[in-house]
Amino acid sequence: MRNFLVARLLQAGLVATVVGALCFVLMRVLPGDAAMRIAAGRYGPDARIAEAAEKMRLELGLDRPLTAQFLEWIGDVLRLDLGHSLVTGSPVVHELKVQLGASMWLAASALALSLLVGPVIGLFSGLKPGGAIDRLALAGAVIFRAIPPFVLGLILMLVFSKQLGWLPPAGFGSPREMLLPALTLALGLAAMSSRITRNSVAAVAKAPYFAFARYKGLPEAVVVGRHGLRNAAIPVVSYLGLQAVYLVEGVVVVESLFAYPGIGHALVHAVVERDIPMVQGTALVMGLMFVVIAAIVDLLTHWLDPRVRRMA
Amino acid sequence: MSSIGDLSFARPKGRLPAGRMFGAGLLVLLGCFAIIGPMLIPADPAAQDFSASLAPIGGDFLLGADHYGRSLLARLAHGARLSFGLAFLTMLAAALPGVLLGLAAAWRGGWTERFLELSATIVLALPGLMLVLLLLAFAPGNYAPLFLGLSLTLWVEFYRVTKATTKSVLAQPHIEAARMLGFGSCYILVNYILPVIAPMIATLSAFAMATAIIAVSTLSAISVGLQPPTPELGSMIVELLPYYAEAPVHVLLPAMLIVLLVLGLQLLAQGDHG
């Protein structure tokens, strides 16, 4: 158990280094003098701009050798000192706190919705492979997987907000506004997890211990409930780790689409506005979110499958 | 970028399954549209004609015109060519280094392998789209960071699969026998390793192209990818969206085209397997 937690911690460190290094290069590669740009942004371009830029250079330590600057930059990232947004001027950490909450709600409800849909469909298709439900579920999964999240979101928006008028197309505040973006992500996630569940349930249903539970006269519900579900859940849960990629990427897309004020929305805006401290902050948080989901999946797998514990 | 991970290596034997045939057929049709379309259709995808703004389907314009009166047929054909072309180039730029480095890692082992593993781990530490977004911050709206970012994330899958498979093949007794009979590395590579990895690389390539098509259109749709005058399918959808009430089919056409492209590639890659 300690092994994979250490691995996840290392991954978190890697995320910080990659994001930090890319943003460091970004800051210095963008055209123009960084100190001059920041000074102009802070005090306005006037006659004393060169003097202000010189002060800024000293303040930010831009006159020192690159390696020293880089080490300090990484140190700042690790101490979670992310600087100030170049656009709003407020500390990045402060903005991230608000946005992270919104994004977490979205990601969590999307995941919960997908778990209500995907594994249930998968269970019924897996118990009768090749049956009507299975074939219908396969067709659904293939189609939903081929639709990119932003197209799916637009379709849902057009159907539920424009045609039926049931839900607001964008905004933030109540669960009503969150339903459409969460549903967009959940359908994509469920399309994947339903097939994984189906295969794993079909494999369990063929296993000798499953047949034995039937032969000894247990009712069907007990056979599936006690002997099927937990075993079938192992691949589904470990597959959630792969789905974390989809979830984090989907959050960026869906938040931008539905104007949902989360981290992904902020990241896209920061990229458009070239607000590098914000790019760094948001990318870092989303990357760490990805690592945290992966770590939770590790823990769940560990709890579900005692064989992993014995091996470790 | 997530679909690339979930494929099974169990290849169906014998006749191509129906799903795969359907995917291949779909791709041939779309490929013809993307390659021959821009040559046959005389209309310029950027030529504006405000008197024909939002022209209906079937009038002067075969598939109607958008809000600037640009021919949708021409824009769809050019958009399909752009998506296909960019996805193909990205796939090549990911597959070539991925396969070669995978072979090198499996063949040499030792420090070569350790170094390559580390690079792969670094790339995989972040979700792929985040890396592309970070690179796009250098130059929003340009082809170069988009192309570079996508191939940078996609090569890892090629590398991993090639390395793992090659390693397991190299450890088998018939390779040792071939070596002892005096056959060189080149012969072993061509006759024993390539036939095993080729079908896997083909599957991965189709997945990588589907991933690239989704990523390019998504990034344009959230306005950090290619910028509007370019006939790009994702940005076409977003551009036409405000006019949905007047011309709903116009919005759905590019969306359909993206979905069909991705569907064709995914079906070709995995056939009937869920």
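Residues numbered from 1 in each chain as written. Chains lettered and ligands numbered in written order. Predicted model: local features only at pLDDT ≥ 70, side-chain atom pairs only at ≥ 80, totals over all residues.

### Thoughts on the overall build of chain B
For clarity, the threshold we go by: A helix here means a DSSP run of H or I that spans at least four residues, while a strand means a run of E at least two residues long, and both kinds are numbered starting from the N terminus. Our exposure labels follow a C-beta count within 10 Å of each residue's own C-beta, placed from the backbone: buried means 20 or more other C-beta atoms, exposed means 12 or fewer, and partly exposed covers the counts in between.
When helices and strands are counted, chain B shows nine helices and zero strands. Ordered by position in the sequence, the α and β elements of chain B form the string α-α-α-α-α-α-α-α-α. In chain B, which comprises 274 residues, the share counted as buried stands at 46%.

### What to know about the overall build of chain A
Under the convention used in this document: Once C-beta atoms have been placed from the backbone, residue pairs whose C-beta atoms lie within 7 Å are recorded as contacts.
If you tally the helices and strands in chain A, you get 13 helices and zero strands. Counting the 312 residues in chain A, one finds 39% classified as buried. Put simply, 72% of the contacts in chain A that link residues at least 6 apart link residues at least 24 apart.

### Some points on the interface of chain A and chain B
Rules: Note that Gly is not counted as nonpolar here; it falls among the polar residues with everything else outside the nonpolar set of Ala, Val, Leu, Ile, Met, Phe, Trp, Tyr, Cys and Pro and the charged set of Asp, Glu, Lys and Arg.
Taken residue by residue, the interface counts 42 residues in chain A and 35 residues in chain B. Broken down by secondary-structure element, the contributors of at least two residues to the side of chain A that touches chain B are helix H1 (2–29), helix H6 (132–146), helix H7 (149–163), helix H8 (175–206), helix H10 (220–257), helix H11 (263–273) and helix H12 (276–304) of chain A. By residue number, the principal contributor to the side of chain A that touches chain B is H10 of chain A, which donates nine residues. For the side of chain A that touches chain B, the class distribution of residues is 31 nonpolar, five polar and six charged.

### Examining helix H8 (residues 233–240) of chain B
Burial analysis of H8 of chain B places eight of its eight residues in the buried class, which makes it a mostly covered element. Every buried residue of H8 of chain B is listed here: Leu 233, Gly 234, Ser 235, Met 236, Ile 237, Val 238, Glu 239 and Leu 240 of chain B. For H8 of chain B, the secondary structure elements touched by its buried residues are H7 of chain A together with helix H2 (72–108), helix H7 (185–221) and helix H9 (248–270) of chain B.

### A word on the UniProt feature "transmembrane region" (unreviewed entry) in chain A
All names here are of chain A. Rules: UniProt positions are given in the numbering used here, feature names are shortened, and annotations may be inferred rather than shown by experiment.
Within this numbering scheme, the UniProt entry marks residues 104–124, 136–158, 178–196, 236–263 and 283–304 as carrying the feature "transmembrane region" (unreviewed entry). End-to-end, the C-alpha atoms of residues 136–158 are 25 Å apart, and along that stretch the chain is 91% helix and 0% strand. What you have in residues 236–263 is 82% helix and 0% strand, and the ends, taken at the C-alpha atoms, are 27 Å apart.

### With respect to the domain arrangement of chain A
Often the size quoted for an interface is simply the accessible area lost on bringing the parts together. Residues and elements named next belong to chain A. Rules: Segmentation into domains, and thus their bounds, comes from an automatic or database assignment.
When its domains are assigned, chain A resolves into domain 1 (2–92) and domain 2 (93–311). Each partner contributes to the interface: domain 1 provides 24 residues, whereas domain 2 provides 21 residues. Residue contributions to the side of domain 1 that touches domain 2 peak at twelve residues, all from H1. Residue composition of the side of domain 1 that touches domain 2, grouped by class: 17 nonpolar, six polar and one charged.

### A short note on the environment of Phe 124 of chain A
As for its position among the elements, Phe 124 of chain A is in helix H5 (residues 92–127). Sequence separation of Phe 124 of chain A and Val 151 of chain A is 27 residues, and the distance between their C-alpha atoms is 28 Å.

### Re the packing of H2 of chain B against helix H5 (residues 143–170) of chain B
Residues and elements named next belong to chain B. Formally: Here an axis means a line fitted to C-alpha atoms, over the contact stretch when the element is a helix, while the angle between two N-to-C directions is reported on a 0 to 180 degree scale. For any pair of crossing helices, the crossing counts as left-handed if the nearer helix is rotated counterclockwise from the farther one by less than a right angle, and right-handed if it is rotated clockwise.
Between H2 and H5, whose axes approach to 6 Å, the crossing angle comes to 35 degrees. The element H2 and its partner H5 pack so that their crossing is right-handed. When the residues that make up the contact of H2 with H5 are grouped by side-chain class, the tally is 18 nonpolar, six polar and two charged.

### A look at the packing of H7 of chain A against H8 of chain A
The relative placement of two packed helices is expressed as an angle between their axes plus a distance between the axes. All names here are of chain A. Short version of the rule: If an angle is under 35 degrees, it is roughly parallel; if it is over 145, roughly antiparallel; if it lies from 65 to 115, roughly perpendicular; otherwise it is oblique.
Contact geometry of H7 with H8 gives a least axis separation of 9 Å together with a crossing angle of 130 degrees. As far as their axial angle goes, H8 and H7 are oblique. Judged by the twist between their axes, the crossing of H7 over H8 is right-handed. Only Leu 180, Pro 181, Leu 183, Thr 184, Leu 185, Leu 187 and Gly 188 of H8 make contact with H7, whose side of the interface consists of Pro 149, Leu 152, Gly 153, Leu 156, Met 157 and Phe 160.

### A few points about the UniProt feature "transmembrane region" (unreviewed entry) in chain B
Residue and element names in this part refer to chain B. Here the UniProt feature "transmembrane region" (unreviewed entry) sits at residues 21–41, 82–103, 115–137, 143–159, 180–198, 204–226 and 247–269. For residues 82–103, the end-to-end C-alpha separation is 31 Å, with 100% helix and 0% strand making up the annotated structure. Helix makes up 83% of residues 115–137 and strand 0%. Its end C-alpha atoms lie 28 Å apart.

### Here we look at the environment of Ala 177 of chain B
Residues and elements named next belong to chain B. Residue position: Ala 177 is located in helix H6 (residues 173–180). For Ala 177, a count of 10 C-beta atoms within 10 Å puts it in the exposed group. C-alpha separation for the pair Ala 177 and Leu 73, spaced 104 residues apart in sequence, amounts to 59 Å.

### Let's talk about the confidence of the model for chain B
All names here are of chain B. Put simply, the rule is: Confidence scores per residue from the predictor, reported as pLDDT, run from 0 to 100.
Across chain B, the average pLDDT comes to 78, with 83% of residues at or above 70. Across chain B, the secondary-structure element scoring lowest on mean pLDDT is H8, at 78, and the one scoring highest is H2, at 86. Contacts from residues 1–14, a stretch scored under 50 in pLDDT, to residues over four places away or in other chains number 34 contacts. Here the prediction assigns the complex a pTM of 0.78, and the interface score ipTM is 0.74.

### Comments concerning the environment of Ile 121 of chain A
Residue and element names in this part refer to chain A. Of note, Ile 121 is situated in helix H5. Residue class for Ile 121 comes out buried when judged on the 23 C-beta atoms lying within 10 Å of it. Separated by 69 residues in sequence, Ile 121 and Ala 190 place their C-alpha atoms 8.9 Å apart. Apart from the residues within four sequence positions on either side, Ile 121 is in contact with Ala 137 and Ser 194.

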